[in-house]
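Coordinate analysis (summary)
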Amino acid sequence: MTNDVYDREALFRIVSTFPLIDSHCHNLLTSDASLIYPLEVCFSEAHSNALKDALQTSVLKRCVRHLAEFYNCPPTLDSIKQVRDLMSHIDICKTCFKPTGIQSLLLDDGLDTLGGLMDVQSHLELVDIARRIVRIESIAEKILYDLATSVACTDQKVLNFSSFEEQLKKQFETYAKSESVVAFKSIAAYGSGLNINCALNPEAAAIALGNFISDFESLSYKKGSVRLINEVLIDHILNLAIDIAIQHDIPIQFHTGFGDSDFDLIASNPLLLRPLIEKYPNAKFVILHAAYPYTRQAGYLASVYSNVYVDIGLVFPLIPASGQQASLRELLEICPSNKISFSTDGHYHPESFYVAAIQGRETLSKVLLESVENGEFSYEEAIKVAKQIMFENSNSLYKLNLIPKQIDNEEYKDVSGKQRIVKLKKMGVKFVRIGFMECSNQYRFHIVPIDRFQNYIINSGLTNMRANTAFPYYGDVLPENIGVNETGELLLKPDLSTLIHLPYNPKHANVQVFFENKLTPVDPQFGKIDNSPNSLVFPLCPRTCLKNIIESACKDLGITFLIGTEFEFVLLKDTMPPVPVDDTVYVEASSFHVSNSVEILDRIVEFLQLQGIEVEQFHSNGAPGKFKIVTTPKSPLIAADKVVVTRQTIYDVAAQAGVKATFVPKPFKEQVGTGAHVHLSFKEINKSQKIVDNHPSRLSPYERSFIAGVLHHIKAICAFALPTDLSYTRIVDNCWTGSQICWNVENRVTPIRVRYRPKTGPNGKYLDIHFEYKFVDGTSNPYLVFSALIASGVDGIKKGMQLTTNPMLDIPASLSNEESIEKNVTERMPASLPDALKALKEDKKLIDVLGEPIVRCYTGVKEVTCIINTLTSNCFSDNL
């Protein structure tokens, strides 16, 4: 595979998953107001009768297609509205915003023709940060209205113009100082045009103000507002506002380019701003809407003036795809990339934000890829440009000081998955691997052509024999009495949120599945299934097991989890006997002197990143040929999926390099083993901070009970966490794991390690705490391990279990019998897989929570595996 393939994928991934700062948009409507304003108005500048014709444009038809795919309904406006009618307003908002990847909204709240806008703070239900853009003319119009009303109600006909100016300046100062305001904005283009008089003329402005007051009609006719259209007043007010913006170093946005029918397009050419730009070299001018159709002119201004920037909103989605691409190309011809910012100009309905974000990402991806192919950018430069436009430029210009939160591949998706499949096909993907992890901990997959996957499998699933969920590692022979036999079928139903490209095999994609029942008339349950999600589930589905346990914990206790994993593995030149690629030790620099090892590790990490797996660090690790990769924490189901993907990537990339990667827990008898340490934390959803009493550990009651629950069930958990005979040769004393059942604080030789990290939050300093489960190894099924750990900890919380021991500060193996008894450390981890399986079969609580079918099948397969290994002395090959 060439560098070009994964550079291309890296570009696609950044554009698809890097967060957006929406640097110019408008407030959403409240629930009641949203019923008045038709959805289609968000996708056209037309109004009234002209809007009917807009429905025949390619622009609006394209928007309808996007929304029909999103809502999984027929591609008609009426069908989309029917789907929306079944949803609450807040659900529509959250559903539309979730896949956009918008991290921050900068809201111009001056677009309030209906009087029913959500306030700025209400948008924080949808994004991390919401800030305000103050419309200059709106502030001036409010002051003018109050002034004119006051004069109309008195005999006073003489105005103090200086008083009017002071009110304006005071208001502008107040907003410029506010932490919630990031910019001013002018719509002078809608009033008198952009040919603004830069010379202040107070006398002319005073006369204009007097004329305005004289012409003002009574309050009953004005309905509480006025519109500022006097050119002299607009110019004077705008100059005042620019002075204050300079003093407080905030940008001024200008509407330029196209607008609705109440507008002179010729007067909106940004070139008319040149005198103003030159008069105020310290002001920061932002040209909005790419100045379409004056995009080249906008780019020119930004290229020759250091204080001019261009925002490329409104072209998404108000012009067709070809026009969007042309506008971005024209900007990039001469406009510095650090001066272009993204926005949606979204307003009123959340669909306007969704469509603009989707189309913006598509346009950016296409144009930047073409620029690379034309030799204008390298891939590295194109990725940098993408990040600048999407996030970094606005973050700097508006002083937001945000850290980009790259969205997971799982979160950036459309509801039907069709858009992701289309992207994969454009990237040259021909086949999809439909993968699953079963009870013997083997990862298996079927491969189908992507067209077949798109047209049939995503809706109907792939038929598979039930027996395939329970084959032992050594062959396709089913053990007896495990609840599964050679009869019956199930459906592998793709979870499209897991659909990813495999960059190391660029013609292939991969997707995880849920198991569903496929019943026939001979099945006893046939006719009893009601098509509800629970009745369709096949009971041996490890992903469903984990999903249900997570949801139950959230519902019953209001807690959510994050899980991260350390991947320890060994690279071998040969397997019989095992020959490592080097003979170095922990983090020794010489382990990377071997060029092949360096290249393999680099490629593994790069490919993991391209698949959306964030790597925190990697290094050599304590045994010949042994390496470790540490990934960032995710929610449990996503984390388990990423464990599967990470292992498979390590296996496949190593194989491509001609070496064998193994997660076997003890490949070398006299060396430390390889583990898959699980790092778990949880938080209580409805509490801003956890409850901490005076316990010396500084752990909350929930945290202590969680540990106690895991300790209570740990022998049974070992059946999943240590699933091979060889696993138990690793958890021995004096080998960085330990065999005593206990917990500790920052002690690396016990099964459970509590880890602390000091942090500072809104309420001051605090300790960030998570638990590391060191006994888990890399031959385990992550769905079942995570299920068992969470179920055990939740059981501890529900039963109020208490820790009966203090944290182990000593080396457990160094304690005498008397000291062990004194510290209440008297039990040991299981000595073998049969011991662990026996403990699992006796643990009624875990059997109840995980489900008797899974435990029965798992223990049956593993018991037969133990017998086979004993007879053949072949434990090294188990899961090698």
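Residues numbered from 1 in each chain as written. Predicted model: local features only at pLDDT ≥ 70, side-chain atom pairs only at ≥ 80, totals over all residues. Heavy atoms only, no water.

**Some thoughts on the overall build of the protein chain**
Looking only at helices and strands, one finds 30 helices and 23 strands in the protein chain. Taking all 880 residues of the protein chain together, the buried fraction comes to 58%. Of the contacts made within the protein chain by residues no fewer than 6 positions apart, 76% connect residues no fewer than 24 positions apart. On the protein chain, roughly 36900 Å² of surface is accessible, and the fraction owed to carbon and sulfur atoms is 51%. (Helix = DSSP H or I, 4+ residues; strand = E, 2+ residues; numbered from the N terminus. Buried < 20%, exposed > 50% of the residue type's maximum accessible area, 1.4 Å probe, protein only. Contact = heavy atoms within 4.5 Å. Areas by Shrake-Rupley, 256 points an atom, 1.4 Å probe, with all protein chains shown as cover.)

**Some remarks on the packing of helix α16 (residues 321-334) against helix α17 (residues 350-373)**
It is at 9 Å that the axes of α16 and α17 come closest, and there the two elements cross at 55°. When the axes of α16 and α17 are compared, the pair comes out oblique. Judged by the sense of rotation from one axis to the other, the crossing of α16 with α17 is right-handed. Here α16 contributes Gln324, Gln325, Leu328, Arg329 and Leu332 to the contact with α17, which in turn contributes Gln359, Thr363, Leu364, Lys366, Val367, Leu368 and Glu370. (Axes fitted to C-alpha atoms, helices over the stretch in contact; angles between N-to-C directions. Parallel < 35°, antiparallel > 145°, perpendicular 65-115°, else oblique. Left-handed = near helix turned anticlockwise from the far one by under 90°.)

**A short note on the environment of proline 701**
With respect to the element layout, proline 701 can be found in helix α25 (residues 701-721). The partly exposed category is assigned to proline 701, whose relative accessible area is 33%. Along the primary structure proline 701 and isoleucine 797 are separated by 96 residues, whereas in three dimensions their C-alpha atoms are 8.3 Å apart.

**A word on the packing of aromatic side chains**
For any pair of aromatic rings, the description rests on two quantities: the centre-to-centre distance and the angle between the ring planes. Following the criterion strictly, the structure yields 24 aromatic pairs and no others. Both rings, one in phenylalanine 70 and one in tyrosine 71, keep their centres 5.1 Å apart while their planes meet at 65°; by these two values the pair is edge-to-face. In this pair, the class of phenylalanine 70 matches that of tyrosine 71, namely buried. Considering the side-chain rings of tyrosine 773 and phenylalanine 775, the 6.5 Å spacing of their centres and the 85° angle between planes classify their relative orientation as edge-to-face. Accessibility expressed as a relative area gives 0% for tyrosine 773, which makes it buried. Chaining the aromatic ring pairs together yields one cluster made of Phe561, Phe682, Phe706 and Phe771. Note that lysine 339 overlies the ring of tyrosine 309, its terminal NZ or CZ placed 5.5 Å from the centroid. Looking at arginine 452, its charged tip hangs above the ring of tyrosine 456, at a distance of 4.1 Å from the centre. (Phe/Tyr/Trp six-rings, centres within 6.5 Å; stacked < 30°, edge-to-face > 60°. Lys NZ or Arg CZ within 6 Å of the ring centre and 35° of its normal.)

**Examining unusual backbone geometry**
Residue proline 293 follows tyrosine 292 across a cis peptide bond; omega there is 10°. Of note, leucine 314 is a non-glycine position whose phi angle comes to about 75°, a positive value. Here leucine 314 shows up in the loop between β7 (308-311) and α15 (315-318). Residues other than glycine seldom take positive phi values, yet tyrosine 348 does so here, at roughly 65°. Relative to the helices and strands, tyrosine 348 resides in the loop between β8 (340-341) and α17. Here tyrosine 348 falls in the buried class, since its relative accessible area comes to 1%.

**Details of the nonpolar core**
In terms of nonpolar packing, the biggest core is built from 249 residues, with Phe184, Phe453, Tyr773 and Phe775 touching the most fellow members. At 12 residues, α25 tops the list of elements feeding residues into this core. The next biggest cluster of nonpolar side chains, apart from the first, holds 27 residues, and it includes Leu39, Ala54, Leu77 and Ile92. (Core = buried A, V, L, I, M, F, W, Y, C linked by side-chain atoms within 4.5 Å.)

**Structural notes on the sheet that holds β8**
Pairing in this open sheet of eight strands is parallel, and the strands run β1-β2-β3-β4-β5-β6-β7-β8 from one edge to the other. Two strands lie at the open edges of the sheet, namely β1 (20-26) and β8, each paired on one side alone. One ladder, built from two bridges, connects β7 with β8; its direction is parallel. Its bridge partner being in β8, aspartate 311 is matched across the sheet by serine 341. Strands in contact with helix α12 (residues 231-247) are β4 (181-186), β5 (252-254) and β6 (285-287); relative to β4, the strand with the most contacts, it is inclined by about 155°. (Pairing = 2+ DSSP bridges.)

**Things to note about the environment of proline 449**
Structurally, proline 449 can be placed in strand β10 (residues 443-449). Spatially, the C-alpha atom of proline 449 lies 9.1 Å from that of valine 429, the residues being 20 residues apart in sequence. Those residues within four positions of proline 449 in sequence are excluded, and the remaining contacts are Lys430 and Phe431.

**Regarding the packing of α25 against helix α26 (residues 782-798)**
At a minimum axis separation of 6 Å, α25 and α26 run at an interaxial angle of 140°. Here α25 is positioned oblique relative to α26, judged by the angle of their axes. Relative to α26, α25 is oriented so that their crossing is right-handed. Contacts between α25 and α26 involve Tyr702, Ser705, Phe706, Gly709, Val710, His713, Ile717, Phe720 and Ala721 from the first element and Leu784, Val785, Ala788, Leu789, Ile790, Ser792, Gly793, Val794, Asp795, Gly796 and Ile797 from the second. Class assignment for the residues of the contact of α25 with α26 results in 13 nonpolar, six polar and one charged. (Nonpolar A, V, L, I, M, F, W, Y, C, P; charged D, E, K, R; others polar.)

**Re the side chain of histidine 349**
On the secondary structure map, histidine 349 appears in the loop between β8 and α17. From its side chain, histidine 349 meets the backbone oxygen of tyrosine 37 in a polar contact 2.6 Å long. Looking at histidine 349, its side chain comes within polar contact range of the side chain of arginine 84, at 3.5 Å. Setting aside anything within four residues of it in sequence, one finds histidine 349 in contact with Leu28, Leu29, Ser34, Tyr37, Pro38, Leu39, Cys42 and Arg84. (Polar contact = N/O pair within 3.5 Å; in protein donor to acceptor, adjacent residues only side chain to side chain.)

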